[in-house]
Amino acid sequence: MFELMLTMLERLGIIVMIAFILTRFRFFRQMVQADQLGKRQQYLAILFFGFFGIIGTYSGLTFSPESFQFDRWANNLTHDEALANSRVIGVIIAGLLGGYKVGIGAGIIAGVHRFSLGGFTGFACGFSAIIAGLISGAFHQKNKHVSPKKAFLVGGLAEAIQMLIILVVARPFDQAFSLVQGIGIPMILANGIGSAIFLLIVQNVLNEEEKMGALQAQKALRLAESTVSFLRKGLNPQSAKAVCDILLHEVEASAISITDTKQILSHVGLADDHHQSHSPIQTDVTRKVIAEGRLIVAKHEDIRCMEEDCPLSAVIVAPLKQRGVTIGTLKFYFQSEKEITDVVIQLMKGLGSLLSNQLDISEADRAFELAKEAEIRALQAQISPHFLFNSLNIIVSLIRTNPNKARTLLVSLSHFLRQNIKGTTLSLTTLEQELKHVRAYLLIEEARFVDRLTVNYNIEERLLHRKVPPLLLQPIVENAVKHGIKDREIDCHINISIQSTPDGKTRISVRDNGNGISPDQQEQIAKEVFTESEGTGIGLFNVNRRLQMMYGEDSLLVITSSPENGTEVTFEI
């Protein structure tokens, strides 16, 4: 019995070899990893495991229950002989991985074959193979991996049931009993161990593939993260060059290239003497990827480079897409086809998708910036029609009585309107220009108030060169004039201050000595739009909105006011 046990364990080397070979087949990996097998996959699995069961039969040992002698390999059986074999392993694995249909199907193939070999246990062993498929199928669980421990128990159980079937069915009983006594324990242990080893090998190979896939996914994500800052600027020669440099350093390729739909944006690595930036696309395979929008692996004869001595003999080309439309390609060049492995192809697929997503994000960012810029331009473009009409009326009234003053006001109005127009085309201006704009506005307002208005400036001169958004200060001053001091008969004062803060910011404030604002109004001002008949058009709300979009919450307007004590509007940038 011990010698038989050792010999059967030796034969497990065949099981190990077959298990490894099976893991090379895609359908087998899909079957192990799939939640549910399709009909075609089921048929393939039945044939494969049925054939595996036949191999297990042929690798068995011819055993004589009378002499307890066995031959090294199975051969033609006499009526008095039986087989000690590992047939049940293929059937068990079929049921555990594919379910009872696959298990029974494989059991039928292996069982019929065993029955055809003859021997007094032919029917019993053939029938027990089908029962083994039914038993293993009962232990199949969807969405769960089968453990080697479970495979050992199920394999041993199925073999033990086979021994019982032999005792019940095989005749003469004395020979059946002697057979079970001689091969029962070795076969139960050997087939249990064989089933466990089979699954262990399968799981280890698949786990290695998953681990390798995870490492490639991690690498792709790391590369995508390191290139995101460049691709956020869109697909152009500068961003393409930066991305190619990063990829060439991280990927074992001979050259990296990025193109748009017409030209090479950047090529880094070998053959950069003729694969040059800004030159037209040279290879047919690149044009094909752009046209079809799918990844292509090409050999030297398919590349068709214009240079006959080009050292680049193989390439992987992946499409770069934006909103589903191919706008360029990413290419990995190699000197030999052997360098292109499944791992490299999977990495290329992942990178192509991630870089395409980054291009989508860059387009969305650009759209957001354009929308924000358009909103800012719209806010800047607004001019109070009441101010314009009042200014023209004042100038008309002064033309005969004080033509020099009328001329000065016309120059101030011209400067004011010119600055408003400039404000719609500039993103930034200086505080000095903002002050000139305010002075032009106040000169006109002083003429309207007729010696009632005094403006005081408290300016830190060194800050005047600092950049600020245009048309930011004038609306606040206009608000102070129209809503702060409009009801005062005499001594109207407006103080404009531009000072630096200890933390390096610039603090800008406009204060009036008007009637002030009630606490309820303070809660609303600059946070919602007022629709008063003499509203400023831009108003504090629009100024506040622009400050928020350009500088964030820390630069929002701060309004300090109390009835009869005036109002101060302050912000820091």
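Residues numbered from 1 in each chain as written. Predicted model: local features only at pLDDT ≥ 70, side-chain atom pairs only at ≥ 80, totals over all residues. Heavy atoms only, no water.

Participant: Explain the overall build of the protein here, please?
Facilitator: A tally of regular secondary structure across the protein gives 18 helices and 14 strands. Across the 573 residues that make up the protein, the buried fraction comes to 49%. Approximately 28400 Å² of the protein is accessible, and the part contributed by carbon and sulfur atoms is 56%. (Helix = DSSP H or I, 4+ residues; strand = E, 2+ residues; numbered from the N terminus. Buried < 20%, exposed > 50% of the residue type's maximum accessible area, 1.4 Å probe, protein only. Areas by Shrake-Rupley, 256 points an atom, 1.4 Å probe, with all protein chains shown as cover.)

Participant: Sorry if this is basic, but what is going on with the sheet that holds strand 4 (residues 264–269) here?
Facilitator: Through backbone hydrogen bonds, the strands of a sheet pair up, either in parallel or in antiparallel fashion. Taken together, the five strands give an open sheet; going across it, the order is 4-3-7-6-5, and neighbouring strands pair in antiparallel fashion. The sheet is open, and its two edges are formed by strand 4 and strand 5 (296–298), each paired on a single side. Averaged over all pairs of adjacent strands, the angle between strand axes in this sheet comes to 15°, irrespective of strand direction. Relative to strand 4, strand 3 (residues 255–260) is paired through five bridges, and the arrangement is antiparallel. (Pairing = 2+ DSSP bridges. Axes fitted to C-alpha atoms, helices over the stretch in contact; angles between N-to-C directions.)

Participant: When you look at the packing of aromatic side chains in this model, what are you seeing that I'm missing?
Facilitator: Two aromatic rings are characterised by how far apart their centres lie and by the angle between their planes. Applying the stated criterion across every chain yields a total of four aromatic pairs. Between Phe123 and Phe127, the aromatic rings sit 6.1 Å apart at their centres with planes inclined by 10°, giving stacked as the arrangement. Of this pair, Phe123 and Phe127 both sit in helix 6 (residues 122–138), four residues apart, which is roughly one turn of that helix. What makes Phe127 partly exposed here is its relative accessible area of 38%. Members of the aromatic cluster, joined through ring pairs, are Phe115, Phe123 and Phe127. (Phe/Tyr/Trp six-rings, centres within 6.5 Å; stacked < 30°, edge-to-face > 60°.)

Participant: So what exactly am I meant to see when it comes to the sheet that holds strand 13 (residues 558–561) here?
Facilitator: Read across the sheet, five strands follow the order 9-11-12-14-13 without closing on themselves; strand pairing throughout is mixed. Each end of this open sheet is capped by a strand with a single partner; those strands are strand 9 (453–459) and strand 13. Taken pair by pair, the neighbouring strands of this sheet meet at an average axis angle of 10°, ignoring direction. Summarising the sheet, strand 9 and strand 11 (residues 492–500) pair through seven bridges and their orientation is parallel. Counted as the bridge partner of Asn456 is Asn495 from strand 11. Helix 15 (residues 431–449) rests against strand 9, strand 11 and strand 12 (506–512) of the sheet, and its axis sits at about 165° to strand 9. Contacting strand 11, strand 12 and strand 14 (567–572), helix 16 (residues 474–484) runs over the sheet at an angle of about 15° to strand 12. (Contact = heavy atoms within 4.5 Å.)

Participant: What exactly am I supposed to notice about the packing of helix 3 (residues 39–58) against helix 4 (residues 87–98) here?
Facilitator: For any two helices packed against each other, one specifies the crossing angle of their axes together with the interaxial distance. Where helix 3 contacts helix 4, the axes come no closer than 6 Å and their chain directions differ by 160°. Put simply, helix 3 runs roughly antiparallel to helix 4. Packed against helix 3, whose contacting residues are Phe49, Phe52, Gly53, Gly56 and Thr57, the element helix 4 presents Arg87, Ile89, Gly90, Ile93, Ala94 and Leu97 at the interface. Grouping the constituent residues of the contact of helix 3 with helix 4 by class yields six nonpolar, four polar and one charged. (Parallel < 35°, antiparallel > 145°, perpendicular 65-115°, else oblique. Nonpolar A, V, L, I, M, F, W, Y, C, P; charged D, E, K, R; others polar.)

Participant: Looking at this model, I keep getting lost on the environment of Leu355. Mind explaining?
Facilitator: Relative to the helices and strands, Leu355 is located in helix 12 (residues 342–380). With 33 residues separating them along the chain, Leu355 and Gln322 place their C-alpha atoms 9.6 Å apart. Residues within four places of Leu355 in sequence aside, it is in contact with Thr227, Leu231, Leu320 and Leu330.

Participant: What is the right way to look at the packing of helix 3 against helix 5 (residues 100–116) in this model?
Facilitator: At a minimum axis distance of 8 Å, the contact between helix 3 and helix 5 shows a crossing angle of 35°. You can see that helix 3 and helix 5 cross each other, and the crossing is right-handed. For the pair helix 3 and helix 5, contact is made by Gln42, Ala45, Ile46, Leu47, Phe49, Gly50, Gly53, Ile54, Thr57 and Tyr58 and by Lys101, Val102, Gly105, Ala106, Ile109, Ala110, His113 and Arg114, respectively. For the contact of helix 3 with helix 5, the per-class residue count stands at 10 nonpolar, six polar and two charged. (Left-handed = near helix turned anticlockwise from the far one by under 90°.)

Participant: Honestly, unusual backbone geometry in this entry has me stumped. Any pointers?
Facilitator: Trans is the common state for peptide bonds, and a negative phi is the common state for residues other than glycine. For the bond from Arg171 to Pro172, the omega torsion is 5°, close enough to zero to count as cis. Notably, Ala271 is not glycine yet its phi reads approximately 65°, a positive angle. Along the chain, the position of Ala271 falls in the loop between strand 4 and helix 10 (284–292). By relative accessible area, which is 8% here, Ala271 ends up buried. Positive phi is not limited to glycine here, since Asp491 has a value of about 50°. Residue position: Asp491 is located in the loop between helix 16 and strand 11.

Participant: What's the story with the nonpolar core in this structure? I'm lost.
Facilitator: It is characteristic of soluble globular proteins that their nonpolar side chains tend to be buried jointly. Core analysis: the largest hydrophobic core is formed by 36 residues, its most contacted members being Leu442, Leu473, Ile476, Val477, Ile494, Ile496 and Leu557. Taken together, the elements giving at least two residues each to this core come down to helix 15, strand 9, helix 16, strand 11, strand 12, helix 18 (539–551) and strand 14. Element by element, the count of residues in this core is highest for helix 15, at seven residues. Residues within four places of Val477 in sequence aside, it is in contact with Val438, Tyr441, Leu442, Ile496 and Val510. Ranked by size, the runner-up nonpolar core spans 32 residues in total, among them Phe52, Ile93, Ala110 and Ile201. (Core = buried A, V, L, I, M, F, W, Y, C linked by side-chain atoms within 4.5 Å.)

Participant: Explain helix 15 here, please?
Facilitator: For the α-helix, the turn length of 3.6 residues means that residues three or four positions removed from each other point alike. Taking 1.5 Å of rise per residue, the 19 residues of helix 15 would be expected to cover 27 Å, and the 26 Å separating its terminal C-alpha atoms lies within 8% of that figure. The complete set of buried residues in helix 15 reads Leu431, Glu434, Leu435, His437, Val438, Ala440, Tyr441, Leu442, Ile444, Glu445, Ala447 and Phe449. Note on helix 15: the residue one or two positions beyond its end, Val450, has a positive phi of about 50°. (Expected span 1.5 Å × (residues − 1).)

Participant: What exactly am I supposed to notice about a negative patch on the surface here?
Facilitator: Together, Asp272, Asp273, Glu307, Glu308 and Asp309 line one region of the surface with negative charge. Locating Asp273 in the fold gives a position in the loop between strand 4 and helix 10. Accessibility expressed as a relative area gives 55% for Asp273, which makes it exposed. (Patch = residues over 30% accessible without salt bridge, like charges linked within 9 Å, V, L, I, M, F, W, Y side chains within 5 Å. Salt bridge = Lys/Arg side-chain N within 4 Å of Asp/Glu carboxyl O. Lys, Arg positive; Asp, Glu negative; His and termini not counted. Charge placed at Lys NZ, Arg CZ, Asp CG, Glu CD.)

Participant: Quick question: what am I supposed to make of the pattern of salt bridges here?
Facilitator: Side chains that carry opposite charge are capable of pairing whenever their charged atoms lie near each other. The final tally for this structure, using the stated rule, is six salt bridges. Among the salt bridges present, the one from Arg294 reaches Glu292, with a minimum N-O distance of 2.6 Å. Here Arg294 falls in the partly exposed class, since its relative accessible area comes to 40%. Glu292 gets classed as partly exposed once you look at its relative accessible area, which sits at 42%.

Coordinates in, geometry out; function isn't part of it.
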